[in-house]
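Residue-level structure breakdown
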Amino acid sequence: MGASKKFEGDFFEEFAVSFRKPYEKIHNKLLEHEIHGGLRLNEMDALFCVTEVHSKEAIDELVSIAGEI
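Residues numbered from 1 in each chain as written. Predicted model: local features only at pLDDT ≥ 70, side-chain atom pairs only at ≥ 80, totals over all residues. Heavy atoms only, no water.

Examining the nonpolar core
Generally speaking, nonpolar side chains in soluble globular proteins are found buried as a group. Core analysis: the largest hydrophobic core is formed by eleven residues, namely Val17, Phe19, Tyr23, Ile26, Leu30, Ile35, Ala46, Phe48, Leu62, Ile65 and Ala66. Residue assignment for this core shows that the elements contributing at least two residues are β2 (14-19), α1 (23-32), β4 (45-49) and α2 (56-67). Once you skip the residues sitting within four places of it in the chain, alanine 46 turns out to touch Phe15, Ala16, Val17, Phe19, Tyr23, Gly38, Leu39, Arg40 and Leu41. (Core = buried A, V, L, I, M, F, W, Y, C linked by side-chain atoms within 4.5 Å. Buried < 20%, exposed > 50% of the residue type's maximum accessible area, 1.4 Å probe, protein only. Helix = DSSP H or I, 4+ residues; strand = E, 2+ residues; numbered from the N terminus. Contact = heavy atoms within 4.5 Å.)

Focus: unusual backbone geometry
Phi is positive for glutamate 34, close to 60 degrees, though the residue is something other than glycine. With respect to the secondary-structure elements, glutamate 34 resides in the loop between α1 and β3 (39-40). Since its relative accessible area comes to 72%, glutamate 34 is described here as exposed.

Things to note about α2
Compared with the 16 Å implied by 1.5 Å per residue over twelve residues, the 16 Å span of α2 between its first and last C-alpha is a close match. Turning to α2, its buried residues are Leu62, Ile65 and Ala66. Buried residues of α2, seen end-on, are gathered within an arc of 100 degrees and therefore sit on one face of the element. The exposed set on the far side of α2, more than 90 degrees from its buried face, consists of Lys56 and Glu57. Along its buried surface, α2 packs onto α1 and β4. (Expected span 1.5 Å × (residues − 1). Arc of directions from axis to C-beta.)

Take it as geometry only, folks, not as evidence of what the structure does.
As structure tokens, this is what we get:
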């Protein structure tokens, strides 16, 4: 997909992701599918939050769509 965790180490629910392409493009593509992506931190990074209310299928869909960019 061209993304990686921005920081090493454990996390609870929130984690930062660094993308190889501008996050705005990825975020806009997610919105086309009615998926609200992470909070933009800067041009290439975003903060995501995943909890027990997010199904594996929903997470897999987000990853798949983001990988299309």
